[in-house]
Amino acid sequence: MSLLLTLFQEAPVSEAAAVLEQVNGDMGMLWMLISGILVFFMQAGFTLVESGMTRSKNAVNIAMKNLLDICVGSITFWLVGYSLMYGDTSNGWFFWGGLFQGEGADLFFQTMFAATAATIVSGAIAGRTKYTTYIVFSLVMTAIIYPISGGWQWQGEGWLTKMGFIDFAGSSIVHSVGGWAALVAAFMVGPRIGKYVNGKVIPIPGHNQILATLGVFILWLGWFGFNGGSQLAWGGDDATAASNVVLITNLAAAAGGLGALITTWIWYGKPNLGQTLNGVLAGLVSITAGCGNMTAGGAVLAGLLGGILVVFSIEFIEKKLKIDDAIGAASVHGVAGAWGTLVIGLWGVDGDTGIGLFNGGGAAQLGTQAIGVLAYAVWAIALSFIVLGILKATMGLRVTEEVEIEGLDISEHGSIAYPGKRVREMDEDR
């Protein structure tokens, strides 16, 4: 540090500015690299959440799907995804810059987001989906569905960018795209055996809520990189902004957990762990779009309402729509993602200036945010229906009844997560 100060003192102003710019550039690259590593670690969190909230006989299958997502996503996004997202464009809708684009920390960081979008689908269709079919869908998600729509905002010349749409770290671009795809997948695959009996919804509890809790803590940690790294720079004002993004993210997550906790305590009579865990995740998703355009108080309110909303959404999708989303992925990522994008138009800020409907900014930003939310929903739902429809007609989406009852671990992978006698679970299943 003393050497750096000496250089600044002895160098002309122009040279000192060049040195400062170089240092900030290096620090920015380091910050993105560290943030990308944190986002990579989120795959471990997803694995624990999804496996803990579902049956033990499918834990290996969950782990294999999450491993697949990071392996497939890393290759396909490097091959074509980055180019489809950040390549040249003449219309703001579609992008291309050739194969094997991107490099270094930037490519690594962006790749982790693509893998996250694919992983969201995994938990929703747990326990009854063919592994081979999931492989194909994960490939299409990371290579085509996510990258093309991501470019609409993050490429810089996309049509949503020009409209003034704001999605700082991906409430819609990453989470709602994955969430709506998960909803379509759960609908098309159909409910698990025994979920709906004579018109009644039968709970199918997960096998290990402690694993699920640990997974949420890992995701919470990784989200600091997910949102903070989306500043894409470090040093000076960027360092201050990135630090504030991390703070805002933490506040919203805490508020989301409390929102779900209080809601379930009132509704169910007891505070429910599973719903509270989803409330934390909903709080995180709810602030992902606006973490760079929200005050601390606004973040707490956004997260709190997101945590409340996710409880009602899970109940509605499961009991009214009769769609069996095994872990509530569509609600946590799709519904909360839409909410987190819209809330910028309600009380978002640009520096010290209110840009929301309720803080003096008028309705313009809310309208723009709504267009973006609708665009990502339509894109993800339409493409998912097309891809899954083709897969259903060719490969099939669902395992046989016998395989589902036995568990996908044995039939799909030839191993189980917990060796030993499991009489109680087998008796319950049969």
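Parameters and conventions
Residue positions are counted from 1 within each chain, in the order its sequence is given. Under the rules for a predicted model, residues below a pLDDT of 70 receive no local features and side-chain atom pairs below 80 are neither given nor counted, while totals for whole chains, interfaces and linings still include all residues. With hydrogens and water excluded, all non-hydrogen atoms of the structure serve as input to the side-chain values. A run of DSSP states H or I qualifies as a helix once it reaches four residues; a run of E qualifies as a strand once it reaches two. Both are numbered from the N-terminal end. Radius of gyration: over C-alpha atoms. The globule rule applied is 2.2 Å multiplied by the number of residues raised to the 0.38 power. Burial classes: relative accessible area under 20% of the type maximum marks a residue as buried, over 50% as exposed, and values in between as partly exposed (1.4 Å probe, protein chains only). Working definition of accessibility: Shrake-Rupley area with a 1.4 Å probe, residue cover restricted to the visible protein chains. Only four residue types enter the charge count, namely Lys and Arg as positive and Asp and Glu as negative; His and the chain termini do not. Note on charges: their place is set at NZ of Lys, CZ of Arg, CG of Asp or CD of Glu. A fitted line through C-alpha atoms represents every axis, and for helices the fit uses only the stretch in contact; the resulting angles, taken between N-to-C directions, go from 0 to 180 degrees. Working rule for angles: under 35 degrees goes down as roughly parallel, over 145 as roughly antiparallel, 65 to 115 as roughly perpendicular, anything else as oblique. Note: crossing handedness is left-handed where the near helix turns anticlockwise from the far helix by less than a right angle, and right-handed where it turns clockwise. Any two residues having at least one pair of non-hydrogen atoms within 4.5 Å are treated as being in contact. By the convention adopted, Pro, Cys, Tyr, Trp, Phe, Met, Ile, Leu, Val and Ala count as nonpolar, Lys, Arg, Asp and Glu as charged, and the other residues, Gly among them, as polar. Buried residues of nine kinds, namely Ala, Val, Leu, Ile, Met, Phe, Trp, Tyr and Cys, make up a nonpolar core once their side-chain atoms join them within 4.5 Å. Note on aromatic pairs: the rings of Phe, Tyr and Trp (six-membered ring only in Trp) are paired at centre separations within 6.5 Å, and the planes decide the class, stacked below 30 degrees, edge-to-face beyond 60, tilted for the rest. We call a charge positioned over a ring when the NZ of a Lys or the CZ of an Arg lies within 6 Å of the ring centre and within 35 degrees of the ring normal.

> Any chance you could explain the overall build of the protein here in plain terms?
Broken down by element type, the protein carries 17 helices and 4 strands. The C-alpha atoms of the protein give 22 Å as radius of gyration, which agrees with the globular expectation for 430 residues (22 Å, within 12%). With the C-alpha coordinates aligned to their principal axes, the bounding extent of the protein is approximately 80 × 50 × 45 Å. Every one of the 430 residues in the protein was classed for burial, and the buried ones make up 55%. Here the protein displays about 17800 Å² of accessible surface, and carbon together with sulfur accounts for 67% of that area. Each charge class in the protein was averaged separately, 19 positive and 29 negative side chains, and the resulting centres sit 21 Å apart.

> Teacher, can you tell me more about the packing of helix 9 (residues 237–268) against helix 11 (residues 296–320) here?
When two helices pack together, their arrangement is given by the angle between the helix axes and the distance between those axes. Their axes nearest at 7 Å, the elements helix 9 and helix 11 cross at an angle of 40°. Judged on the interaxial angle alone, helix 11 and helix 9 are oblique. Considering the relative orientation of helix 9 and helix 11, their crossing is right-handed. Mapping the contact onto sequence places Ile 248, Leu 251, Ala 252, Ala 255, Gly 256, Gly 259, Ala 260, Thr 263, Thr 264, Trp 267 and Tyr 268 in helix 9 and Ala 296, Ala 299, Val 300, Gly 303, Leu 304, Gly 307, Ile 308, Val 311, Phe 312 and Glu 315 in helix 11. Partitioned by chemical class, the residues of the contact of helix 9 with helix 11 number 14 nonpolar, 6 polar and 1 charged.

> What should I look at first to understand the nonpolar core in this one?
Taken as a class, soluble globular proteins show a tendency for nonpolar side chains to be buried jointly. Counting 110 residues, the largest nonpolar core has Phe 137, Met 141, Tyr 146 and Trp 152 as its most contacted members. Dropping the residues within four chain positions of it, Tyr 146 is found in contact with Phe 77, Met 85, Phe 113, Ala 114, Ala 117, Met 141, Trp 154, Ile 173 and Val 174.

> Just to check I follow, could you spell out the packing of aromatic side chains for this structure?
The relation between two aromatic rings is expressed through the spacing of the ring centres and the mutual angle of the planes. The tally for this structure, following the rule as stated, stands at 20 aromatic pairs. Aromatic pair Phe 77 and Tyr 82: ring centres 6.1 Å apart, planes at 85°, arrangement edge-to-face. On the basis of relative accessibility, which here comes to 0%, the residue Phe 77 falls in the buried class. Where Trp 267 meets Phe 312, the ring centres are 5.0 Å apart and the plane angle is 25°; that geometry is what we call stacked. Of this pair, Trp 267 sits in helix 9 while Phe 312 sits in helix 11; the two residues are 45 residues apart in sequence, bridging distant segments of the chain. Residue Trp 267 is classed as partly exposed on the basis of its relative accessible area, which comes to 40%. The rings of Trp 93, Trp 152, Trp 159, Phe 165, Tyr 376 and Trp 379 are connected pair by pair, giving a single aromatic cluster. Positioned over the ring face of Tyr 134 is Lys 65, at 5.2 Å from the centre of the ring.

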